[in-house]
Every structure is written in C-alpha cells, then in structure tokens.
Amino acid sequence: MDAREAALRRAHEHAVRWLASLSDRRVPARASVDEIVRALGTELPDAPSTPADVVDLLATACEPGLTAFPSGRFYGFVVGGTEPAALAADWLVSAWDQNSVMRAASPAYAAAEEVAGPWLLDLLGLPAESAVGFTTGATMANFTCLAAARDELLRRAGWNLARDGLAGGPPVRAVAGKGRHMAVDLALRYLGLGAPVLVEADDQGRMEPGALRDALAAGGQGPAIVVLQAGDIHSGAFDPFTETVRAAREADAWVHVDGAFGLWAAASPRHAHLTAGCAGADSWATDAHKTLNVPYDCGLAVVRDPSALRAAMGQRGDYLIQHEHGDPVDKVPELSRRGRAFTVWAALRSLGRSGVAELVDRLCRHACAFADGIAAIDGARVLNEVVFTQVCAEFGDDERTERVLTRLLDDGTTWISGSTWHGRRVMRISVSNWSTTEDDVTRALESIRRAAAEP
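Residues numbered from 1 in each chain as written. Predicted model: local features only at pLDDT ≥ 70, side-chain atom pairs only at ≥ 80, totals over all residues. Heavy atoms only, no water.

Side note on the overall build of the chain
Within the chain, the secondary structure is distributed over 14 helices and 11 strands. Relative to the 2.2 N^0.38 estimate, which gives 23 Å for 455 residues, the radius of gyration of the chain is 23 Å and therefore close to what a compact globule would have. Across its three principal axes, the chain shows a C-alpha extent of roughly 60 × 60 × 45 Å. Across the 455 residues in the chain, those meeting the buried criterion constitute 51%. Within the chain, contacts between residues separated by at least 24 positions form 72% of all contacts whose residues are at least 6 apart in sequence. Total accessible area on the chain stands at roughly 20000 Å², and carbon and sulfur atoms take up 55% of it. (Helix = DSSP H or I, 4+ residues; strand = E, 2+ residues; numbered from the N terminus. Rg over C-alpha atoms; globule rule 2.2 N^0.38 Å. Buried < 20%, exposed > 50% of the residue type's maximum accessible area, 1.4 Å probe, protein only. Contact = heavy atoms within 4.5 Å. Areas by Shrake-Rupley, 256 points an atom, 1.4 Å probe, with all protein chains shown as cover.)

Here's what the structure looks like:
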C-alpha cells in the first residue's frame, strides 16, 4: 500500500467514525480553540511526516473541537447536513481534482452543470431559458445575480460599465425590505452600490407592496434593483411575490429574489404556494448546502437572461480554450473552484423529484412540531407564523430567554442559538438537516423543557 492509499484509508476510517458518533454525541464542541492549537502543534517540523500519521493527528486533535453541524439535533443556523450521495460525490470531487473552468479542460464537469442546471430550474419552477452558475454560497450567488442586474441596467441606460466603471454613470438604486438578510447588503457593497433603500415590512418580515411602490416612485426614474426574499431568516416568511413583482415591473426595475433556503419551497407541491409569482423575477439566489443538503461551498446563481450573466461574469484570456457556446467560467466570479455541480447532480439524482419534495415537507413538519412543543411550555410563546422551517420563541422576557439558551448549550443535547427580533431576545430554531428525525426533535424539546423549568 502506497502512502496516498494509506492516508485515504485512514481518512475514511476517521470519517466513518465521526459520522457514526452523530446520533449520540454532544452537539457543541468539547474543546476550545487554544486546546486544539496545542494539540495540532505550534512549531512547524523540520522533517516530513508520513501522510497517514498526519491524517491521524489532524483527526484526533480536532475531533474534540468539532461542532456536530451534521447532527440531526443542530438547529442553530440555517445550515443543512450532507445527503449521503452528495457526501460521497464530494469525496470524488477532491480525488478527481478537476479544473472546473472550461468545457475543454473538463468535459465531465461541464456535462454535470449542463444536466444539473435544467433539473434545478424545473424543480424550482424557474424559466427554462435561465442560466445557472455554481458559486461558493448564497452570498456570492446574490453578488453574481446583482452584478448581472447592475451591468444590464446600466447598459440599458447607455452606460458601458466594463469600459468606463461606475464613476460618472447613472446611479443604480437598490430597494429591499427591512427584513432582508445581511448578505444582500454585503453583495451591494461589493458592487459599489451602497446600502439599499429599505421598504416597510409586516411583523413577519414580508415586504409591503404599497410601500415598495412609494419607494420606487420617490426615487425618480433612474435604474433600480428590487431585492425580494424567499424565507425570512427569523420567521421563514415569503414576500408577496405577485404584488411586489408587479410593482417593480411598473417601475421598470430588475427583480432579484434572495432565496437562500426558502426558494426550495417551490419543489414541494404542499409549499409551492409560498413562492407563487416568484418566477416572474429576473434573477434568483439560493444555497444548495441549506435545504438541498449538499456539502459546503455550493451556492446557485440563476439569471433569466443568460447574456446578461455572461456580460457581467465572462472572462477572456489568450491562454483559455473557450467554447463558442460558453463555459462554466462565464457564469461565476471565480476561475479556480471545486466541481460543485457534481454534488448537486448526485443529490438530485439520489432524491429524485419526489425525494426533494419529501425532504422539504419533512423539514417543515419538524418545524411545526417544535412550535407545538414550545407553545406547550409554561411561559413560552412562539412569535412567528410557522410557514416553513423557522421557529422563533421567547420565554417571558429577555433575561429568561437568554438563560434558557445558555442552559441549552451547557446541556449539549442540541444546539439552538439566540437572536434579536423586533427588539426582543428570541430562541431561533432552523430545521435544515435531512437526517433530523422525530426522535431528534423530541430530544431537543425535552432539553428545552429542562432549560425552561429551571428558575
């Protein structure tokens, strides 16, 4: 057995052991950063080390500092686990080590994008002509879509951004709801567009269509981007797309939908009504690691007009072997990147249409079970309308809510984090993992009851 095979076998053993521990282990990490630093070693060795020994050291030193994110009892952030076929495909992605830039460089990767992209559009009910780019995550997916929006709006206004830059050009306004995710603000800042104009939303975070019309009218006739939301990070609520898209169209604005986790509601016949009208937008961003449960580093940028995306993202180089029909590099900011479409293809091929729908429905059922269980606890109150996978609750006042959250993490049975919503401290539960079972929810609720029962 050569050194590479020995290292891979050792890594496989550690990975299987880690995954097998998830059903019983504490969810929070047991060791601190400083403890892991000491275990890894702070002095760089002079001599080489055997690859298998390096793998052993990495696994044993880091294991106590790992949070059980893939556990069915992690609800702290909107992050999924990794569906089995997608996990195995990701191992192949590392082994294959493909440059995923051009058709000529990796026909296999280009083919995976060409198959997975239309599957995604079909599942999500989005226009079949749209282009799909595979980015690092939802933040860069939003960035990619908003870059296409910015460049296309300026082109329509007679300004050549690629040649002349932003300075001196027509100002592009971005308009978003007050409940938008911070990733939208970050992407706009990256693009030189500044902070969005904020539009009033209801108590669940849904944008008010009338307020959107007023905001667009108040800004004059210049180019505008309207950013809508599929899945509020606290309530899980969806903007009223039919009315807000209509209002944006009346102002000739580009409509973008940030659907990091909520866009997947469209894949479920039971929940697709939440996205009614969403397909009327110009671009959409989501994160395949969240609701679809593929490994990290996989966002999806969808743009109705492929030429607008290509104009914003396309790159040229004398050394590149570019295809007349376009390449993966034409749809995303990065050159060097992982073969993300392989894992998306694997997840979709494994689950099938009905499996994706059932996954979405199952996550939503678990969220409802959490809401019902918490509502039965003395002094607890669920604050949101549970329409998707998010639950927000309080336990009387901010101080008591904070104590419950602290006790939960100390207990270790589950990871549920806090947030501030409408000026009050809340427990925020995000159900995102394919592996979460009814028993996981029951165990987490028992932990919440224990934490709430203490004075």
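Some thoughts on the pattern of salt bridges
What the rule picks out here adds up to 30 salt bridges. The residue Arg213 makes a salt bridge to Glu250 at a minimum N-O spacing of 3.0 Å. In this pair, Arg213 is assigned in helix α9 (residues 209–218) and Glu250 in helix α10 (residues 241–250), connecting sequence segments 37 residues apart. Overall, the relative accessible area of 32% leaves Arg213 in the partly exposed class. (Salt bridge = Lys/Arg side-chain N within 4 Å of Asp/Glu carboxyl O.)

Considering the environment of Val55
Along the chain, the position of Val55 falls in helix α3 (residues 51–62). Separated by 166 residues in sequence, Val55 and Gln221 place their C-alpha atoms 60 Å apart.

Focus: the environment of Ala157
Counting through the fold element by element, Ala157 comes out in the loop between α6 (138–156) and α7 (161–164). A C-alpha to C-alpha distance of 7.4 Å links Ala157 and Pro170, two positions 13 residues apart in sequence.

Here we look at the nonpolar core
The biggest cluster of nonpolar side chains holds 56 residues, and the ones touching the most others in it are Phe134, Val257, Leu292 and Val344. Broken down by element, this core gets its largest block of residues, eight residues, from helix α12 (residues 340–375). With near-sequence residues (within four places) excluded, Val257 lies in contact with Leu228, Ala230, Phe241, Leu263, Cys278, Ala281, Ser283, Trp284 and Ala285. With 29 residues, the next largest nonpolar core counts Ala148, Ala174, Leu188 and Ile225 among its residues. (Core = buried A, V, L, I, M, F, W, Y, C linked by side-chain atoms within 4.5 Å.)

Concerning helix α13 (residues 398–411)
Residues separated by three or four positions in an α-helix point in the same direction, a consequence of the helix having 3.6 residues per turn. With 14 residues, α13 ought to run about 20 Å at 1.5 Å a step, and its terminal C-alpha atoms sit 20 Å apart, in line with that. Within α13, the full set of buried residues consists of Arg400, Thr401, Val404, Leu405, Arg407 and Leu408. Along the long axis of α13, the arc covered by the buried residues comes to 165°, so they all point the same way. Turned more than 90 degrees away from the buried face of α13, the exposed residues are Glu399 and Asp410. Where α13 is buried, its residues touch β9 (390–394), β10 (417–421), β11 (424–430) and α14 (438–453). Two to three positions downstream of the cap, the backbone nitrogen of Glu399 sits 3.2 Å from a side-chain oxygen, assigning the N-cap of α13 to Asp397. (Expected span 1.5 Å × (residues − 1). Arc of directions from axis to C-beta. Polar contact = N/O pair within 3.5 Å; in protein donor to acceptor, adjacent residues only side chain to side chain.)

Notes on the side chain of Ser419
Note on placement: Ser419 falls in strand β10. You can call Ser419 buried: its relative accessible area is 15%. Polar contacts involving the side chain of Ser419 include one to the side chain of His234, which spans 2.6 Å. Excluding residues that lie within four positions of it along the chain, Ser419 makes contacts with His234, Arg424, Arg425, Val426 and Arg428.

Some thoughts on the pairing of strand β1 (residues 131–135)
The buried fraction of β1 is high, at five of five residues. Side chains of β1 alternate between two faces, with Ala131, Gly133 and Thr135 and Val132 and Phe134 buried alike. Here β1 pairs with strand β7 (residues 299–303) via five bridges, running antiparallel. Considered in β7, the bridge of Phe134 is made with Leu300. (Pairing = 2+ DSSP bridges.)

So, a nonpolar patch on the surface
A cluster of nonpolar side chains, namely Phe69, Phe77 and Tyr296, defines an oily patch on the protein surface of about 290 Å² accessible area. Relative to the elements of secondary structure, Tyr296 occurs in the loop between β6 (283–287) and β7. (Patch = residues over 30% accessible without salt bridge, like charges linked within 9 Å, V, L, I, M, F, W, Y side chains within 5 Å.)

Overview of the environment of Cys62
Turning to its location among the elements, Cys62 is positioned in helix α3. Once the C-alpha coordinates of Cys62 and Ala39 are considered, the two residues, 23 residues apart in sequence, prove to be 7.9 Å apart. Beyond its immediate sequence surroundings of up to four residues, Cys62 is in contact with Ile36 and Leu40.

Structural notes on the sheet that holds strand β5 (residues 254–258)
Spatial ordering of the open sheet is given by β1-β7-β6-β5-β4-β2-β3, a layout of seven strands whose pairing is mixed. Single-partner strands in this sheet number two, and they are β1 and β3 (197–199). Neighbour to neighbour, the strand axes of the sheet diverge by 20° on average, direction disregarded. Pairing analysis gives five bridges linking strand β4 (residues 224–229) to β5, with the strands arranged parallel. (Axes fitted to C-alpha atoms, helices over the stretch in contact; angles between N-to-C directions.)

Focus on the side chain of Asp90
Its place among the elements puts Asp90 in helix α4 (residues 84–96). With a relative accessible area of 17%, Asp90 lands in the buried category. Setting aside residues up to four positions removed in sequence, Asp90 forms contacts with Pro295, Arg338 and Thr343.

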